[in-house]
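# Architecture and fold: a report
In case you want the letters, here they are:
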Amino acid sequence: MKIKTKLTLGIGLLFCLIVLLAALSTFYINALSKDAKNILTDNYNTLEYCREMLNALNNDLDSPSQQNLFAHNLKLQKANITESGEAALTGKLELDYQLLQAEVSKDSLIKIIQNDITAIMQLNMQAIQQKSLIVKESSTNSILWISITGAVCFLLAFTMLMNLPGNIANPIKELTGSIQEIAAQNYDERLQFHRDDEFGDLASAFNTMALKLAEFRAGNIAQLLIEKKRIETLINNMHDPVIGLDENKKVLFMNHTALKILGLQDKPVTGMAIQDLAMQNDLLRLLAQDLFITSEHHHSKKSPSSPIKIFADGKESYFEKEMIPINIIPTGEKEEVLIGNVILLQNITPYKELDFAKTNFIATVSHELKTPISSIKMSLQLLENEKIGTLNHEQHNLVESIRDDAGRLLKITGELLNMTQVESGSIQMNIVAADPAEIVAYAVNTNKVAAEQKNIQLAVEQAGDVPNVMADREKTSWVLTNLISNAIRYSYEHSIVNIAIKLMGDVVQFSVKDTGQGISPEYVEKIFDRYFRVPDSKKEGTGLGLAISKEFIEAQGGQIRVESDYGAGSTFYFSLNTV
Ligand code: ADP
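Residues numbered from 1 in each chain as written. Predicted model: local features only at pLDDT ≥ 70, side-chain atom pairs only at ≥ 80, totals over all residues. Heavy atoms only, no water.

For the protein chain, an unreviewed UniProt entry supplies the name histidine kinase and the organism Chitinophaga caeni. UniProt lists a comment for the protein chain under the heading Catalytic activity (unreviewed entry), and it reads "ATP + protein L-histidine = ADP + protein N-phospho-L-histidine." (UniProt positions renumbered as here; feature names shortened; annotations may be inferred.)

If you want it as structure tokens, here you go:
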């Protein structure tokens, strides 16, 4: 039977029983009250009238008030004839009373009337007794029927109370347990309801769902295994070494190339903690070191990591390391969690080889060009010597222009040569105690002619005594010369370039300040990059001067930076350690 039908029937039955009980009670209470009323109106009133009449007789029936009382009660009794034989007795009483009024043998009549009244009273008393028996019987009947109905109601309600809640709640409880099992991925869970009500339907729908979920999981696992194999094959066939770690820094996978360069081919590495493996493997320690740097430290070390040189396969190879953190947002959550890292090594040996070739080529070319350019400059000096002959105005202009171009060419070849030294890592530093004022004087002197050509004043400032610095004189002079040369090139005519030296703690700070066009904020970070030139810069140049300056200063343990107010000028600072 359906739950809905069961509930309707149960509640309906209870409702019917309550109605039946109420109807039965009303019926019997009505009957009892009717019987009682009958006794009261039919017989009790008669007894009352008779008593009044007897009183009147016993008092003084000669007085008109007593006569009236008697006549009145007799009249009422005549109107209240309810029992058989009562009418005849009342008629006789009336007749005797009339005789009494006619004053015929008064005493004997009074006796007769008393007898008449007593006879009426006895008749009614008998009737009351009879009716009481009937009332008693009907009250016993009503108690019996009401009790039977009440007992039936109680039994039915008790049976329902015992069965119905469990009948509904038990399957729900069982269903909740099964749903929890399914949520815990136990897809073999089934409901065994074997009923043909709504719960039976629910159980069969639930079992179908569990079956489909089990099929879905089986399908998914097979699919996942295929995908896993595919990805493993892909990673193993990659020429670049790849190492996968879980959130506890345990090795999930290492492809063949990674195992080969780390020399771990014969060792079981999967599942091992990377720190344990790194203890015996220097290269792995180098690769994994980022994992153990605290996040604060990590942020401060933003500079890109330099290529790692590894001797593998009988030759030197260069790799660029990339540490990729794997973050996911778990289903139902909002925060990202780290579930592991992938260390990727990119083999950049071919690019490195090309880079070496390029650097070598530039070094050779610029070195070879330096000598002829220097001899062109010498020849031009000779040409201008009046002892050899005088040049006319046009010839003089031509020589001037050739000399400018030769100077520029020499600067470019010099910068290229310096750059090749920087790139090949072969900068030779000759660090000695040097006087900052001497370096400034040299750089100012070198730029004197260029400044005069643009009517720019080179103002040198020295705050107090400045001690000697530990520096490579030649390279520091080159840097300062380059900064002053830039300041002149990027300044307007008739302006001032301030060159200052100042002791700041245990370093000496050199600064070159101009009031030129300045540098747009978006490029300030980039101007120290190799070959970078601010776009649309009209001045000629290679974009190498500041990059070389940075390398030279940092190689001496110093620092270089710029502050620029776009449109108002720039100040370049570099600092070197005092002796
Ligand atoms: P370049 O040979 O182009 O001058 P640098 O490395 O010396 O190469 O400078 C890089 C770029 O920085 C320049 O192209 C120029 O745009 C900018 N720059 C350098 N110095 C100044 C300066 N004093 N004022 C404005 N811009 C400058």
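### Observations concerning the overall build of the protein chain
Tallying secondary structure elements over the protein chain gives 15 helices and twelve strands in all. Radius of gyration (C-alpha) of the protein chain: 63 Å, far over the 25 Å computed for a compact globule of 579 residues. Overall, the protein chain is about 205 × 65 × 45 Å in size when its C-alpha atoms are taken along their principal axes. The buried share of the protein chain, reckoned over its 579 residues, is 32%. Contacts in the protein chain between residues at least 24 apart in sequence constitute 65% of all its contacts with a sequence separation of at least 6. Positive and negative side-chain charges in the protein chain, numbering 54 and 70 respectively, have mean positions lying 2 Å apart. (Helix = DSSP H or I, 4+ residues; strand = E, 2+ residues; numbered from the N terminus. Rg over C-alpha atoms; globule rule 2.2 N^0.38 Å. Buried < 20%, exposed > 50% of the residue type's maximum accessible area, 1.4 Å probe, protein only. Contact = heavy atoms within 4.5 Å. Lys, Arg positive; Asp, Glu negative; His and termini not counted. Charge placed at Lys NZ, Arg CZ, Asp CG, Glu CD.)

### Examining the site of the ligand
Near the ligand there are 19 residues, and of these Asn 486, Asp 514, Arg 533, Val 534 and Leu 546 occur at the shortest range. At 2.8 Å from an oxygen atom of the ligand is found a side-chain nitrogen or oxygen belonging to Asn 486. Contact distances for the ligand include 2.8 Å between an oxygen atom and a backbone N or O atom of Leu 546. When isolated, the ligand has an accessible area of 530 Å², and the protein chains bury 99% of it. Elements that contribute at least two residues to the shell around the ligand include exactly helix 13 (473-489), helix 15 (545-555) and strand 12 (569-577). Among the elements that line the shell around the ligand, the one with the most residues is helix 13, at three residues. Across the shell around the ligand, the residue classes tally to nine nonpolar, seven polar and three charged. (Near = heavy atom within 4 Å. Polar contact = N/O pair within 3.5 Å; in protein donor to acceptor, adjacent residues only side chain to side chain. Areas by Shrake-Rupley, 256 points an atom, 1.4 Å probe, with all protein chains shown as cover. Nonpolar A, V, L, I, M, F, W, Y, C, P; charged D, E, K, R; others polar.)

### Notes on the sheet that holds strand 5 (residues 337-347)
With antiparallel pairing, five strands are arranged side by side in an open sheet as 2-1-5-4-3. Of all the strands in the sheet, just strand 2 (251-254) and strand 3 (308-312) have a single pairing partner and so form its edges. Between one strand and the next, the sheet's axes are offset by a mean angle of 25°, whatever the strand orientation. The pairing of strand 1 (residues 242-246) with strand 2 spans three bridges and is classified as antiparallel. The residue of strand 2 that forms the bridge with Leu 245 is Val 251. In the packing of helix 10 (residues 349-384) onto the sheet, contacts are made with strand 4 (315-328) and strand 5, and the angle to strand 4 comes to roughly 130°. (Pairing = 2+ DSSP bridges. Axes fitted to C-alpha atoms, helices over the stretch in contact; angles between N-to-C directions.)

### A closer look at the nonpolar core
Grouped together as the largest cluster of nonpolar side chains are 40 residues, with contacts concentrated most on Leu 458, Leu 480, Ile 484, Phe 510, Phe 572 and Phe 574. Sort the elements by how many residues they give to this core and helix 13 lands first, with six residues. Excluding residues within four positions of it along the chain, Phe 574 makes contact with Thr 476, Val 479, Leu 480, Leu 483, Val 508, Gln 509, Phe 510, Ile 553, Gln 559 and Ile 560. Membership of the second largest hydrophobic core comes to 24 residues, among which are Val 251, Ala 258, Leu 287 and Ile 343. (Core = buried A, V, L, I, M, F, W, Y, C linked by side-chain atoms within 4.5 Å.)

### A short note on the pairing of strand 11 (residues 559-565)
Of the strand pairs in this sheet, strand 11 and strand 12 are connected by seven bridges, and their pairing is antiparallel. When the sheet's bridge partners are listed, Ile 560 is paired in strand 12 with Phe 574. Between strand 11 and the antiparallel strand that follows it, strand 12, lie three residues; Gly 567 among them carries a positive phi value of about 95°.

### Brief notes about the pattern of salt bridges
On inspection of all chains with the given rule, the structure shows 25 salt bridges. A salt bridge links Asp 201 to Lys 2; the shortest N-O distance between them is 3.9 Å. Placement of the pair is Asp 201 in helix 5 (residues 198-236) and Lys 2 in the segment before helix 1 (3-58), with a sequence separation of 199 residues. Classification of Asp 201 as partly exposed rests on a relative accessible area of 47%. A salt bridge links Asp 197 to Arg 195, with the shortest nitrogen-to-oxygen separation between them at 2.5 Å. What makes Asp 197 buried here is its relative accessible area of 2%. Residue class for Arg 195 comes out partly exposed when judged on its relative accessible area of 28%. (Salt bridge = Lys/Arg side-chain N within 4 Å of Asp/Glu carboxyl O.)

### Considering the domain arrangement of the protein chain
Under the domain assignment, the protein chain is made up of domain 1 (3-169), domain 2 (238-347), domain 3 (354-422) and domain 4 (429-577). Once you take the C-alpha centre of each, domain 1 and domain 4 turn out to be 133 Å apart. (Domains from an automatic or database assignment.)

### Let's talk about the UniProt feature "transmembrane region" (unreviewed entry) in the protein chain
According to UniProt, the feature "transmembrane region" (unreviewed entry) maps to residues 7-29 and 143-164 in the numbering used here. In the segment residues 7-29, helix accounts for 100% and strand for 0%; the C-alpha atoms at its two ends are 33 Å apart. Annotated as 100% helix and 0% strand, the span residues 143-164 places its first and last C-alpha atoms 30 Å apart.

### Structural notes on the packing of aromatic side chains
Counted according to the given criterion, the structure contains nine aromatic pairs. For the ring pair Tyr 523 and Phe 532, a centre distance of 5.9 Å and an interplane angle of 40° mean the geometry is tilted. Here the aromatic rings of Phe 528 and Phe 572 are separated by 6.4 Å at their centres, their planes lie at 75°, and the arrangement is edge-to-face. With Phe 528 in the loop between helix 14 (521-524) and helix 15 and Phe 572 in strand 12, this residue pair connects regions lying 44 residues apart in the sequence. Geometry around Tyr 318 places Lys 352 over its ring, the cationic atom sitting 5.5 Å from the centre. Against the face of Tyr 573 rests Arg 561, its NZ or CZ located 4.1 Å from the ring centre. (Phe/Tyr/Trp six-rings, centres within 6.5 Å; stacked < 30°, edge-to-face > 60°. Lys NZ or Arg CZ within 6 Å of the ring centre and 35° of its normal.)

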